[in-house]
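Spelled out from the first residue to the last, the chains are:
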Amino acid sequence: MSALSLRGVVKHFGKTTIIHGADLEVAAGEFVVFVGPSGCGKSTLLRMIAGLESISEGEVLIGGRRMNEVPAGQRGVAMVFQSYALYPHMSVRENIGFGLKMAARMPKEEISRRVEAAAATLHLHGLLERKPAELSGGQRQRVAIGRAIVREPQVFLLDEPLSNLDAELRTQMRMEIRRLHARLRATMIHVTHDQVEAMTLADRIVVLRDGRIEQCGTPMELYHRPCNQFVAGFIGAPKMNFLPAVVQSVSAEIVLRLAFTEDATLTLPADQWQIAPGEKLMVGVRPNALPAGGRTAKDGACFSLAVEAGERLGGATCHYCKTRDGETVVVESPGESTADGGALPLCIAPADAHIFDPGGSSRRS
């Protein structure tokens, strides 16, 4: 296993820039997940690391060695794709060992040893003589991962390997990948658009938007201290609520009034904010920080909204409410749901509030 470095990596397709100067350090043995919406550049960045896309500017280093001009087959990386890409006429054993057979003059005994070891790691022992058509989706994905394991690469690259699986299999394979990383302690980079998958698997998450790295940190760092409104809205399910507010007064404390109410105010410590009365801000609050039932909080913004619809999830209920300005507010609470059209008393505690600039470009507190 090796460390990986991206230094000012840029990718142009003609006059269009897809990746805008990506800088990232991945430690040896670390599990990093690239996450972001479709078209944000996460798969392109992965393919540049693998050597499947050229690098327009900057450097990619693996184990301290510059890889820009090194062919894909000599970089010491193994890639698992979204499609399983298994040979239908070959058995599981032959599929797993095929890359070794073609890439190097390796004794048959060593190939067999590696295939058997990978099969044991991935619980494929009883399936080695089957053809891909005889396997489930999850088993096929394990074979594709096994084909990467036998190469004993410096870095594993996984490009949305679970997106073709149903919900139950995705959960199962997430655990398989997590256990695999714990056993191998290999350097892994995993691409997904599913933030739940990212939160489950990652040592660190890299959030991308429009070819730029917005924030990089542990799952809990991104959840509790998102750097801007985009990251705050992308990480967490259900997503964070964003409510416009106006600065009502500034002294030893700052008083914000929620824009859709007449008198619901939130009082926060002034700290070192440079802010003036009348300035507009955005208040972010997670749905699970808005429990129904009339809770009040010291210095909190308390108000009531009508429930448009409820989503019963067993242990919790998501209430979808509308403000008079048309903003949707999602409230997650345990127990019984409030009837559609019923009033739901809510209160935002200062400790649960995330304050952003009105454009969402940066965090204020």
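Residues numbered from 1 in each chain as written. Predicted model: local features only at pLDDT ≥ 70, side-chain atom pairs only at ≥ 80, totals over all residues. Heavy atoms only, no water.

K.L.:
Describe in detail the state of the cysteines, supporting the description with residues and values.
P.N.:
All told, the structure shown has one disulfide when counted by the stated rule. A sulfur-sulfur distance of 2.3 Å marks the disulfide that ties cysteine 302 to cysteine 347. Taking the torsion about the S-S bond as the criterion, the cysteine 302 to cysteine 347 disulfide, at about -55°, is left-handed. Taken together, the positions of cysteine 302 in strand E15 (residues 301-312) and cysteine 347 in strand E18 (residues 343-348) put the pair 45 residues apart, joining distant regions of the chain. Residue cysteine 302 is classed as partly exposed on the basis of its relative accessible area of 32%. With no disulfide partner, cysteine 40 has as its closest neighbouring cysteine sulfur the one in cysteine 216, 14 Å distant. Sulfur of cysteine 227: no disulfide; nearest cysteine sulfur belongs to cysteine 216 and is 11 Å away. Since its relative accessible area comes to 26%, cysteine 227 is described here as partly exposed. (Disulfide = S-S within 2.5 Å. Helix = DSSP H or I, 4+ residues; strand = E, 2+ residues; numbered from the N terminus. Buried < 20%, exposed > 50% of the residue type's maximum accessible area, 1.4 Å probe, protein only.)

K.L.:
So what's going on with the pattern of salt bridges? Which residues, and what values?
P.N.:
Enumeration according to the criterion identifies 15 salt bridges in this entry. One salt bridge connects glutamate 262 with arginine 324, and the closest N-O pair in it is separated by 3.1 Å. Of the two residues, glutamate 262 is situated in the loop between strand E12 (253-258) and strand E13 (265-269) and arginine 324 in the loop between strand E16 (317-322) and strand E17 (328-333); the sequence distance between them amounts to 62 residues. Of the two residues, glutamate 262 and arginine 324, both sit in the exposed class. Shared partners join several salt bridges into a network, and the residues in it are Glu110, Arg113, Arg114 and Glu152. (Salt bridge = Lys/Arg side-chain N within 4 Å of Asp/Glu carboxyl O.)

K.L.:
So what's going on with the nonpolar core? Residues and values would help.
P.N.:
Ranked by size, the top nonpolar core spans 47 residues in total, and within it Ile96, Ile145 and Val207 carry the most contacts. At five residues, the largest contribution of residues to this core is made by helix H4 (residues 137-149). For isoleucine 96, the residues in contact, after removing those within four places along its chain, are Val115, Leu124, Leu128, Val143, Gly146, Arg147 and Val150. Among the nonpolar cores identified, the runner-up in size contains 30 residues, and Leu243, Val283, Val307 and Leu346 belong to it. (Core = buried A, V, L, I, M, F, W, Y, C linked by side-chain atoms within 4.5 Å. Contact = heavy atoms within 4.5 Å.)

K.L.:
An account of the packing of aromatic side chains is requested, with residue identities and associated values reported.
P.N.:
What characterises a pair of aromatic rings is the spacing of the ring centres plus the angle enclosed by the ring planes. All chains considered together, the criterion is met by four aromatic pairs. With 5.8 Å between their ring centres and 25° between their planes, phenylalanine 230 and phenylalanine 234 make a pair best called stacked. A residue pair is termed a helical-turn pair when its members lie 3 or 4 positions apart in one helix, as phenylalanine 230 and phenylalanine 234 do in helix H8 (residues 229-234) at four residues. Here phenylalanine 230 and phenylalanine 234 have matching classes, each one buried. Ring centres of phenylalanine 242 and phenylalanine 356 lie 6.0 Å apart, and the angle between their planes is 70°; this geometry places the pair in the edge-to-face category. Of this pair, phenylalanine 242 sits in strand E11 (residues 241-250) while phenylalanine 356 sits in strand E19 (residues 354-356), and the two are 114 residues apart along the sequence. Comparing phenylalanine 242 with phenylalanine 356, the two get one shared label, buried. Above the ring of phenylalanine 13, the side-chain terminus of lysine 11 is found at 4.8 Å from the ring centroid. Its guanidinium or amino end placed over the ring of tyrosine 223, arginine 286 lies 4.0 Å from that ring's centre, counting from NZ or CZ. (Phe/Tyr/Trp six-rings, centres within 6.5 Å; stacked < 30°, edge-to-face > 60°. Lys NZ or Arg CZ within 6 Å of the ring centre and 35° of its normal.)

Purely geometric numbers; function is a separate question.
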